[in-house]
Amino acid sequence: MTVTSETTPISHYERIGGAAAVKAAVELFYDKVLADADLAGYFTEVNMVEQRRHLALMLTVVLGGPNEYAGRGLAEAHQPLNIPGEHYAKVGEHLTATLVELGVPADVIADVQVVLGQVRDQVVSAGDA
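Asks: What exactly am I supposed to notice about the packing of helix α2 (residues 18-34) against helix α3 (residues 48-62) here?
Replies: Each pair of packed helices can be summarised by the angle the axes make with each other and by the distance between the axes. At a closest axis distance of 9 Å, the pairing of α2 and α3 adopts a crossing angle of 125°. As the angle between them shows, α2 and α3 are arranged oblique. Between α2 and α3 lies a crossing whose hand is right-handed. Of the residues in α3, those in contact with Val 22, Ala 25, Val 26, Glu 27, Phe 29, Tyr 30, Asp 31 and Leu 34 of α2 are Met 48, Gln 51, Arg 52, Leu 55, Ala 56, Leu 59 and Thr 60. Grouping the constituent residues of the contact of α2 with α3 by class yields 10 nonpolar, 2 polar and 3 charged.

What follows is the structure in structure tokens.
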């Protein structure tokens, strides 16, 4: 049997436009997060160029693109920040709004939201489960 493009599933990453689309989403997302008074404080001491690069690599993996992420794990990076559930939810809302604004298909957004739910406990402070 010969595998054709008709039988090979296209990843969400490819469907939304690959690296350029992910980069656009990351830029718009951080514009929203940094404009949010409840969230901006988490990034005052953060190298945002590196932060944007890390998120782009992670979002690429979530969307089924190439896995080139070699940074810290979610829990290692986020648990010291004592992030409450309400702030995690706001980040998720900003990401969803970003994807909607960029015209990402609803099924892709739904899959990203599932991943947000799956990793919540790695990010939210253990005292705020």
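Asks: Would you take a moment to explain unusual backbone geometry for this structure?
Replies: With a phi angle near 50°, Asn 82 is a residue other than glycine that sits in the positive phi range. Relative to the helices and strands, Asn 82 resides in the loop between α4 (74-78) and α5 (85-101).

Asks: How do you make sense of the pattern of salt bridges when you look at a structure like this?
Replies: Summed over the entire model, instances satisfying the criterion amount to 7 salt bridges. In this structure, the salt-bridge partner of Arg 120 is Asp 121, at a minimum N-O distance of 3.9 Å. Through salt bridges with shared partners, a single ionic network connects Asp 36, Asp 38 and Lys 90.

Asks: Is there a simple way to explain the environment of Leu 57 in this structure?
Replies: Secondary-structure assignment places Leu 57 in helix α3. Distance from Leu 57 to Ala 19, taken between C-alpha atoms, is 9.2 Å for residues 38 residues apart in sequence. With sequence-adjacent residues up to four places away left out, Leu 57 is seen in contact with Glu 68 and Tyr 69.

Asks: Can you walk me through the nonpolar core in this structure?
Replies: When a protein is soluble and globular, its nonpolar side chains tend to lie buried together. With 26 residues, the main nonpolar core has Val 22, Tyr 30, Leu 63, Tyr 88 and Leu 99 as its most contacted residues. At the level of elements, α2, α3, α5 and α6 (106-123) are the ones that each hand at least two residues to this core. Those residues within four positions of Leu 99 in sequence are excluded, and the remaining contacts are Ala 25, Val 104, Ile 109 and Val 112.

Asks: Whenever I open this one, the layout of surface pockets confuses me. Can you help?
Replies: Empty pockets left among the atoms are what a rolling probe the size of a water molecule brings to light. By volume, the largest pocket is sized at about 930 Å³. When contributions to the lining of the largest pocket are tallied by element, the ones reaching two or more residues are α2, α3, α4, α5 and α6. Of the residues that constitute the lining of the largest pocket, the class distribution is 25 nonpolar, 6 polar and 1 charged.

Rules used throughout
- Residues numbered from 1 in each chain as written.
- Predicted model: local features only at pLDDT ≥ 70, side-chain atom pairs only at ≥ 80, totals over all residues.
- Heavy atoms only, no water.
- Axes fitted to C-alpha atoms, helices over the stretch in contact; angles between N-to-C directions.
- Helix = DSSP H or I, 4+ residues; strand = E, 2+ residues; numbered from the N terminus.
- Parallel < 35°, antiparallel > 145°, perpendicular 65-115°, else oblique.
- Left-handed = near helix turned anticlockwise from the far one by under 90°.
- Contact = heavy atoms within 4.5 Å.
- Nonpolar A, V, L, I, M, F, W, Y, C, P; charged D, E, K, R; others polar.
- Salt bridge = Lys/Arg side-chain N within 4 Å of Asp/Glu carboxyl O.
- Core = buried A, V, L, I, M, F, W, Y, C linked by side-chain atoms within 4.5 Å.
- Buried < 20%, exposed > 50% of the residue type's maximum accessible area, 1.4 Å probe, protein only.
- 1 Å grid on protein atoms, 1.4 Å probe; cavity = no way out; pocket = protein on both sides within 12 Å on 5 of 7 lines; lining within 4 Å.
- Points joined across faces, edges and corners; volume = space filled by probe spheres on them.

Without other data, these values stay purely geometric and don't point to any function.
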